[in-house]
Amino acid sequence: MKPTPTFCKSDYQFLRELILKSKNSTNTKEANQLSQELDRAVISKESELDSSVIRINSLVTIEDVIAKKQMKVQIVLPSSADIKQSKISILAPLSVAIIGFKENDEVDWEMPAGIKTLKIIAVDNTAVHHS
């Protein structure tokens, strides 16, 4: 059973707008998946949001459960994405798979080669701008 994602209100509203803007872009599938995640998400107040929840600008350590390989990524706005610096666009499939979840959650990541199970090892929100 997939855990339920949690978003603070400002991120939630921001992502809804982003989805509307990206309807005609190459990320339509991801935008739709993100929209589905938002539809079932819990919306929490900024002050009550668990500090281990992945949000925009979070630095995340994830592990491929089967390969036992860890990677560190930062989820950023599409305009700031830079794969060389491990900055992944919020509309990339990986971001859609993990945003809103928290440390120790396991999520499925759909890839061309099949589904991978990812475990969220650590979440660092010091780079997040709290509104």
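That block above? That's the structure.
Residues numbered from 1 in each chain as written. Predicted model: local features only at pLDDT ≥ 70, side-chain atom pairs only at ≥ 80, totals over all residues. Heavy atoms only, no water.

1. Section: unusual backbone geometry
Backbone geometry at Lys68 places phi at a positive 55 degrees, although glycine is not the residue there. By secondary structure assignment, the location of Lys68 is in the loop between strand E3 (59-64) and strand E4 (69-76). Here Ser86, not a glycine, exhibits a phi torsion of approximately 60 degrees, which is positive. The residue Ser86 is located in the loop between E4 and strand E5 (87-89) in this model. (Helix = DSSP H or I, 4+ residues; strand = E, 2+ residues; numbered from the N terminus.)

2. Concerning the sheet that holds strand E6 (residues 106-111)
Across the sheet, which stays open at both edges, the 5 strands sit in the order E5-E4-E3-E7-E6 with mixed pairing between neighbours. Every interior strand has two partners, whereas the edge strands, E5 and E6, have only one. In this sheet, neighbouring strand axes are inclined to one another by 45 degrees on average, regardless of whether the strands run parallel or antiparallel. (Pairing = 2+ DSSP bridges. Axes fitted to C-alpha atoms, helices over the stretch in contact; angles between N-to-C directions.)

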